[in-house]
Amino acid sequence: MEYPKVLVISHNPFSDTQNNGKTLSSFFHNWDEKKLAQLFFTTDVIDTDICHNFYRITDVDILKKIFFRKMKLGTNILENDDIKKNNVDKIKLSKNIFYRFIRYLFQKDYSLLWWIRCLSWKIVKPWNDKNLIEWIKNYNPDIIFFQSSSFYVVFDLVINIQKMTNAKLFIE
């Protein structure tokens with residue numbers, strides 16, 4: 001069987017241990033790994049072997065981009081060594097007091113913080129980032145599989161990627 005190229009867009013990465021990631025992994029468990037890529041938005045550890053082509057954009061990346069315009073937005077994670085480095089960076093970041101405080105605030109139900117988060121993503125417009133566009137165009141998906149979340153700004157990103165690629169869009 002010839003597998004179509006699928007770009008999975010979700011909050012969390014594929015995972016063998018975490019809930020959303022496990023659900024996604026079960027959908028694509030037998031998929032050809034060369035026909036699978038994922039764009040995700042957390043610093044979660046990548047602990048799967050079903051996919052080896054990731055692009056990660058986090059809230060921290062968005063904030064850095066606002067304050068340091070020339071800074072690269074997001075991280076292209078392509079190979080096992082990159083995945084291992086990403087996981088080590090995640091562990092270091094999770095020990096950072098500033099990061100832990102910000103994460104704590106965002107886990108609370110503070111409308112002002114939610115509004116600031118959404119505004120930050122709208123200001124940065126990650127769908128216009130040249131590195132992300134290049135990664136998407138190089139991958140050139142046939143299908144976009146979007147596991148939606150309550151973070152509505154990601155819908156803007158998905159729609160822009162769909163228009164750029166003309167890929168079929170499936171929303172879970």
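Quick notes on the rules
Residues numbered from 1 in each chain as written. Predicted model: local features only at pLDDT ≥ 70, side-chain atom pairs only at ≥ 80, totals over all residues. Heavy atoms only, no water. Patch = residues over 30% accessible without salt bridge, like charges linked within 9 Å, V, L, I, M, F, W, Y side chains within 5 Å. Areas by Shrake-Rupley, 256 points an atom, 1.4 Å probe, with all protein chains shown as cover. Salt bridge = Lys/Arg side-chain N within 4 Å of Asp/Glu carboxyl O. Helix = DSSP H or I, 4+ residues; strand = E, 2+ residues; numbered from the N terminus. Phe/Tyr/Trp six-rings, centres within 6.5 Å; stacked < 30°, edge-to-face > 60°. Contact = heavy atoms within 4.5 Å. 1 Å grid on protein atoms, 1.4 Å probe; cavity = no way out; pocket = protein on both sides within 12 Å on 5 of 7 lines; lining within 4 Å. Points joined across faces, edges and corners; volume = space filled by probe spheres on them. Nonpolar A, V, L, I, M, F, W, Y, C, P; charged D, E, K, R; others polar. Pairing = 2+ DSSP bridges. Axes fitted to C-alpha atoms, helices over the stretch in contact; angles between N-to-C directions. Buried < 20%, exposed > 50% of the residue type's maximum accessible area, 1.4 Å probe, protein only. Core = buried A, V, L, I, M, F, W, Y, C linked by side-chain atoms within 4.5 Å. Arc of directions from axis to C-beta.

Chemist: Even after reading the chapter, I still don't get a nonpolar patch on the surface, so can you show me in this structure?
Modeler: Taken together, the side chains of Leu 112, Trp 115, Ile 116, Leu 119 and Ile 123 present a nonpolar region at the surface, about 490 Å² in accessible area. Mapping Leu 112 onto the fold places it in helix α5 (residues 111-124).

Chemist: Looking at this structure, how should I read the packing of aromatic side chains?
Modeler: Aromatic ring pairs: the centre-centre distance and the angle between the two ring planes describe each pair. The tally for this structure, following the rule as stated, stands at 9 aromatic pairs. A ring pair is formed by Tyr 55 and Trp 135, whose centres lie 5.4 Å apart and whose planes are at 45°; its orientation type is tilted. Taken as a pair, Tyr 55 in strand β3 (residues 54-56) and Trp 135 in helix α6 (residues 130-139) lie far apart in primary sequence, 80 residues in all. Three or more aromatic residues joined by ring pairs make a cluster, and in this case those are Tyr 3, Phe 14, Phe 27, Phe 28, Trp 31 and Phe 145.

Chemist: What am I meant to see in the environment of Phe 40 here?
Modeler: You can see Phe 40 is positioned in strand β2 (residues 36-40). Distance from Phe 40 to Ile 57, taken between C-alpha atoms, is 6.4 Å for residues 17 residues apart in sequence. The contact partners of Phe 40, leaving out residues within four places of it in the chain, are Ser 10, His 11, Asn 12, Pro 13, Ile 46, Phe 54, Tyr 55, Arg 56 and Ile 57.

Chemist: Could you clarify how one ought to interpret the layout of surface pockets in this entry?
Modeler: If a probe the size of a water molecule is rolled over the atoms, the empty space left behind becomes visible. Approximately 200 Å³ is the volume attributed to the second largest pocket. Taken together, 11 residues form the lining of the second largest pocket, with Arg 56, Val 60, Asp 61, Lys 64 and Thr 75 sitting closest to its centre. Considering every element that reaches the lining of the second largest pocket, the biggest residue donor is helix α2 (residues 59-67), with 3 residues. For the lining of the second largest pocket, a count of residues per class yields 3 nonpolar, 4 polar and 4 charged.

Chemist: Help me understand the sheet that holds strand β5 (residues 143-146), please; the structure alone is not making it clear to me.
Modeler: As a general point, the strands of a sheet are linked pairwise by backbone hydrogen bonds and lie either parallel or antiparallel. Read across the sheet, 6 strands follow the order β4-β3-β2-β1-β5-β6 without closing on themselves; strand pairing throughout is mixed. Each having just a single partner strand, β4 (75-77) and β6 (168-171) make up the two edges of the open sheet. Each strand axis lies, on average, 20° off the axis of its neighbour in the sheet, ignoring direction. Sitting on the sheet, helix α7 (residues 153-165) touches β1 (6-10), β2, β5 and β6, and the angle it makes with β5 is about 170°.

Chemist: Explain the environment of Asp 156 here, please?
Modeler: Mapped onto the elements, Asp 156 comes out in helix α7. For Asp 156, a relative accessible area of 23% gives the class partly exposed. Apart from the residues lying within four places of it in its own chain, the contact partners of Asp 156 are Lys 122 and Trp 127.

Chemist: I'm lost on the nonpolar core in this one. Help?
Modeler: The tendency in soluble globular proteins is for nonpolar side chains to be buried side by side. Core analysis: the largest hydrophobic core is formed by 26 residues, its most contacted members being Ile 9, Leu 39 and Ile 57. In terms of residues, this core owes the most to one element, α7, which gives 5 residues. Ignoring anything within four residues of it in the chain, the contact list for Ile 57 reads Leu 39, Phe 40, Phe 41, Thr 42, Ile 62, Leu 73, Gly 74, Trp 121, Pro 126 and Leu 132. By size, the runner-up hydrophobic cluster in this structure holds 14 residues, among which are Val 8, Leu 24, Phe 28 and Leu 36.

Chemist: Got a minute to help me understand α2 in this structure?
Modeler: For an α-helix, 3.6 residues make a turn, and residues three or four places apart therefore share a direction. Burial in α2 covers these residues: Asp 61, Ile 62 and Lys 65. Projection of α2 onto a plane perpendicular to its axis shows the buried side chains occupying an angular sector of 100°, all on one side. Elements that come into contact with the buried residues of α2 comprise β3 and α5.

Chemist: Teacher, can you tell me more about the side chain of Thr 42 here?
Modeler: Mapped onto the secondary structure, Thr 42 falls in the loop between β2 and β3. Residue Thr 42 is classed as buried on the basis of its relative accessible area, which comes to 10%. Every residue in contact with Thr 42, bar those within four places of it in the chain, is listed here: His 11, Asn 12, Pro 13, Arg 56, Ile 57 and Thr 58.

Chemist: Is there a simple way to think about helix α1 (residues 19-27) in this case?
Modeler: Among all positions in α1, only Gly 21, Leu 24 and Ser 25 are buried. On an axial view of α1, the arc spanned by its buried residues comes to 100°, and they lie on one face. Every exposed residue of α1 that faces more than 90 degrees away from the buried side is listed here: Asn 19 and Ser 26. Along its buried surface, α1 packs onto β1, β2 and β5.

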